[in-house]
Amino acid sequence: MFESLSSSTRNVVAVLKVAIPVAVGLASAVYLGKKMAAQSGSSDFSRDKTIPTVAIRAGDQSHDAEYNEDPDKFLQKCEKQYGQVFNLLILNQRVTCVSGPTLVRDIFMTDDLNFSDALNQLTGLHAFMASIRKSNKDADNRMPHELIKDAISPNMAEFTPRIVSCAERVISGAMGGSNEVVIDHLGYVIQEIIASAMADVYMGSELEKDRKVIDAFIMCNYDFGMMLAFNSGRSFWHSIKNKFKYNVRSPLHKHVQALVDVATPVLERRSQLKAEALRQGKEYSPPTDVLQAMVDNAAKYGYVDLEDICGHILILVLASVHTTNLFTTHALYYMAAYPQYIEPMFEEVQEVLNEQAKEREEQRQEQLASGNVSSMAAFLGTELDPQNDRQLSEKAVRKLQKIDSFVRETMRYQNTRLFGTHLARRDTVLSNGMKITKGSRVIGNVTSVHFSEELQGEEPFEFRPWRFVGKGKGASKAAVDLLPFGIGRHACPGRFLAVNEIKIVCALIVTKFSKLEIKEKEKTMDMLLDRLGYVNPPSPIIMTRREGSILQSPAPVAI
Ligand code: HEM
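Residues numbered from 1 in each chain as written. Predicted model: local features only at pLDDT ≥ 70, side-chain atom pairs only at ≥ 80, totals over all residues.

Trainee: When you look at the overall build of the protein chain in this model, what are you seeing that I'm missing?
Mentor: Looking only at helices and strands, the protein chain features 23 helices and 10 strands. The buried share of the protein chain, taken over its 559 residues, is 47%. Contacts in the protein chain between residues far apart in sequence, at least 24 positions, make up 81% of those at least 6 positions apart. (Helix = DSSP H or I, 4+ residues; strand = E, 2+ residues; numbered from the N terminus. Buried ≥ 20, exposed ≤ 12 C-beta atoms within 10 Å, placed from the backbone. Contact = placed C-beta atoms within 7 Å.)

This is how it looks when you write it as structure tokens:
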């Protein structure tokens, strides 16, 4: 149960209770590959006559019913009877489905088969995104990749303790109190953690708790959902209407404005500090965050003003907050369904932190012995401050191999079995010589790769959380045997941050709780295979506090 809600935060709760079922019920565009194509009569499968069309079961109108009964069984049957490429009438579209590592790789790696074009055709995605960009409006622009490469990935060591602190605060606020807590909608709590962590990384630590920022980060997903029209019937006209609508007035503008309003005084204060430091002949190091990097490199990236910068930040938010929330929530659902794996993960966290504490003590002793440092007091406030010895650092998170493998296994297992709709910009020949003709759609048969013994090892249909330990297959490794992040040039550039956050939340949860349990057991299977938040409401999760565990920073949190 959520505790300690102030009256001002109750309003937020009221708003979020409307928004979250929609937001959680829709995945971000990147994760909505298959559904985006749904309900449109405009798509078609490839016109290559050598590609067979799967026969529809007697009495059915499409392949949906048979697929929904058992997606893996259906796709395996299709592959066995028709070969690796076949046409399906499914999800209200005519789509060509490709199977096996080589062909699935083809559809993600070939530039002429485009993921965002497929979404755009059905939803008006590009107009939606362009409505908050003043620069870099071309949907193919690589600026987000560059920005993430420059401003996020190299700073993970600095971001990690800040992410940990955001997560600790939210967990304490939402899950503090008695020894057993019941969380009605885990996604709400995780969403708050992820939004707060992303607010810190993108907007800076000054704004990580700012309600305006957190709400903008959460509520923009609601507008995204409206654009995707996930919950209402989508028609051919939906995308036309959206393209027109977002060119005229974008609902995202209010969120961009909220970010501009809070960022302006922060940047002014930083400028004043810089000027003051200069006056005193001192060096000024601005805080590390994406906002500052964007301001400092505005010319390089081509941003025109702060509004443009905040628009681009909101696009990062749309790509990152809901997706990361979804995958984190799912990892915890798997912990609740397989509670026997919590203890080994807890032990791993303890081992890694013990090792870290030992290494740091050795470093301190070395520095004291060499005379470089005069006393223990000199370490206070530095990286070697003993107070931080048992805090999760980026290095420690990287060493959490079991948790990494657990996360990867949940992603492998839970991924939707038809994924990655791509639209052909021109006729494209696959590695086997078959052609995906211009204007047609192609989708990946996930069963053929995520459940291949050759790619995944023994008993691929079993959930085995330590499957990848010691195999060099990290959860952020984008390859054909793990598709949620895409593959190749277009693969998600934010996956390292996403996996870092998911692992941090998992590590904190196993440290603070010895048991998680799905209260309404009959919903278990649906929750484990739920890709898009369809199970709404999900079962509450019962969490049993680990004996002696401390929940830091007892400050209340608004959820
Ligand atoms: C678990 C969380 C996430 C998942 C499952 C995910 C998945 C994806 C996928 C499937 C794509 C498309 C790949 C393709 O076109 O083939 C993508 C693109 C993208 N993602 Fe993520 N993502 C996640 C988190 C993040 C985060 C945290 C960020 C930001 C730091 C981010 C930023 C982006 C951007 C900017 C793109 C567009 C790349 C382009 O235009 O080529 N994502 N993501």
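Trainee: How do you make sense of the site of the ligand when you look at a structure like this?
Mentor: Of all residues adjacent to the ligand, which total 25 residues, the nearest are Ser320, Thr323, Gly486, Cys492 and Gly494. Put simply, the parts of the chain that give the shell around the ligand at least two residues each are α8 (143–152), α16 (306–337) and α22 (495–512). Looking at side-chain class alone, the shell around the ligand contains 17 nonpolar, seven polar and one charged residues. (Near = placed C-beta within 6 Å. Nonpolar A, V, L, I, M, F, W, Y, C, P; charged D, E, K, R; others polar.)

Trainee: How should I be thinking about the sheet that holds strand β8 (residues 441–445) in this particular structure?
Mentor: Backbone hydrogen bonds are what pair the strands of a sheet, in a parallel or an antiparallel way. Read across the open sheet, the five strands follow the order β1-β2-β8-β5-β3; overall the sheet is mixed. One side of each edge strand has no neighbouring strand; the edge strands of this open sheet are β1 (85–90) and β3 (113–114). The pairing of strand β5 (residues 418–424) with β8 spans four bridges and is antiparallel. The partner of His422 across the bridge, within β8, is Val442. (Pairing = 2+ DSSP bridges.)

Trainee: In this structure, what is going on with the UniProt feature "binding site: heme" (unreviewed entry) in the protein chain? I would like to understand it.
Mentor: Residues annotated by UniProt as "binding site: heme" (unreviewed entry) correspond here to Cys492. Among the secondary structure elements, Cys492 is positioned in the loop between α21 (453–456) and α22. Judged by the 21 C-beta atoms lying within 10 Å of it, Cys492 falls in the buried class. (UniProt positions renumbered as here; feature names shortened; annotations may be inferred.)

Trainee: I keep staring at unusual backbone geometry and nothing clicks. Help me out?
Mentor: Positioned with a positive phi, Asn136 is a non-glycine residue whose angle comes to about 50°. Tracing the chain through its elements places Asn136 in the loop between α7 (125–130) and α8.

Trainee: Sorry if this is basic, but what is going on with the pairing of strand β10 (residues 541–545) here?
Mentor: The side chains of a regular strand alternate between both faces of the sheet. With four bridges joining them, strand β4 (residues 180–183) and β10 adopt antiparallel strand pairing. Bridge pairing links Ile183 to Ile541 in β10. Of the strand pairs in this sheet, strand β9 (residues 513–518) and β10 are connected by five bridges, and their pairing is antiparallel. Residue pairing across strands places Ile518 opposite Ile541, the latter belonging to β10.

Trainee: Any chance you could explain the environment of Val85 here in plain terms?
Mentor: Structurally, Val85 can be placed in strand β1. Assessed through the 26 C-beta atoms surrounding it within 10 Å, Val85 is described here as buried. Counting along the chain gives 115 residues from Val85 to Asp200, while the straight-line C-alpha distance between them is 45 Å. Ignoring sequence-local partners within four residues, the contact set of Val85 consists of Ile51, Thr96, Val98, Leu103 and Met434.

Trainee: Hey, could you run me through the nonpolar core in this one?
Mentor: One recurring pattern in soluble globular proteins is that nonpolar side chains are buried together. Grouped together as the largest cluster of nonpolar side chains are 142 residues, with contacts concentrated most on Ala167, Met198, Phe217, Leu259, Ile313, Leu314 and Cys506. Leaving out residues up to four positions away in the same chain, Ile313 has contacts with Tyr202, Leu259, Val290 and Leu291. (Core = buried A, V, L, I, M, F, W, Y, C linked by C-beta atoms within 7 Å.)

Trainee: Before we go on, may I ask you to explain the sheet that holds β10 in this structure?
Mentor: Strand order in the open sheet made by the three strands is β4-β10-β9, with antiparallel pairing throughout. Whereas interior strands pair on both sides, the edge strands pair on one side only; in this sheet they are β4 and β9. The mean angle between the axes of side-by-side strands here comes to 20°, regardless of whether they run parallel or antiparallel. (Axes fitted to C-alpha atoms, helices over the stretch in contact; angles between N-to-C directions.)

Trainee: Can you help me understand the confidence of the model for the protein chain in this one?
Mentor: Across the protein chain, the average pLDDT comes to 88, with 88% of residues at or above 70. Low confidence marks residues 1–42, where pLDDT is under 50. Its contacts with residues over four positions away, or in another chain, come to 107 contacts. Prediction confidence for the complex, expressed as pTM and ipTM, is 0.90 and 0.98 respectively. (pLDDT = per-residue confidence, 0-100.)

Trainee: How should the packing of helix α11 (residues 211–228) against α16 be read in this particular structure?
Mentor: A pair of packed helices is captured by two measures, namely the crossing angle of their axes and the spacing between those axes. Contact geometry for α11 and α16: axes closest at 9 Å, N-to-C directions at 90°. Classified by the angle their axes make, α11 and α16 are roughly perpendicular. Within the contact between the two elements, α11 uses Phe217, Cys220, Asn221 and Phe224 and α16 uses Leu314, Val317, Leu318, Val321 and His322. Its residues placed into classes, the contact of α11 with α16 shows seven nonpolar, two polar and no charged. (Parallel < 35°, antiparallel > 145°, perpendicular 65-115°, else oblique.)

Trainee: I'm lost on the environment of Ala127 in this one. Help?
Mentor: Examined against the element boundaries, Ala127 turns out to sit in helix α7. Taking the C-beta count within 10 Å as the criterion, Ala127 has 20 such neighbours and is therefore assigned buried. Separated by 324 residues in sequence, Ala127 and Phe451 place their C-alpha atoms 37 Å apart. Setting aside chain neighbours within four positions, we find Ala127 in contact with Asn242, Lys243, Tyr246 and Asn247.

Trainee: Just checking my understanding: could you explain the packing of helix α10 (residues 186–203) against α11 for this structure?
Mentor: As a packed pair, α10 and α11 sit with axes 9 Å apart at the nearest point and diverge in direction by 115°. Taken together, the axes of α10 and α11 lie roughly perpendicular to each other. Once α10 is placed against α11, the crossing between them reads as right-handed. Counted together, Gln191, Ala195, Ser196, Met198, Ala199 and Met203 of α10 and Val213, Ile214, Phe217 and Ile218 of α11 form the full contact between these two elements. The residue makeup of the contact of α10 with α11, split by class, is eight nonpolar, two polar and no charged. (Left-handed = near helix turned anticlockwise from the far one by under 90°.)

Trainee: Would you explain helix α19 (residues 401–414) in this entry?
Mentor: Residues that lie three or four places apart on an α-helix share one face, since the helix turns once every 3.6 residues. Compared with an ideal rise of 1.5 Å per residue, which puts 14 residues at 20 Å, α19 spans 20 Å between its outermost C-alpha atoms and is within 8% of the ideal. Among the 14 residues that make up α19, 13 are buried, leaving the element largely enclosed by the rest of the structure. (Expected span 1.5 Å × (residues − 1).)

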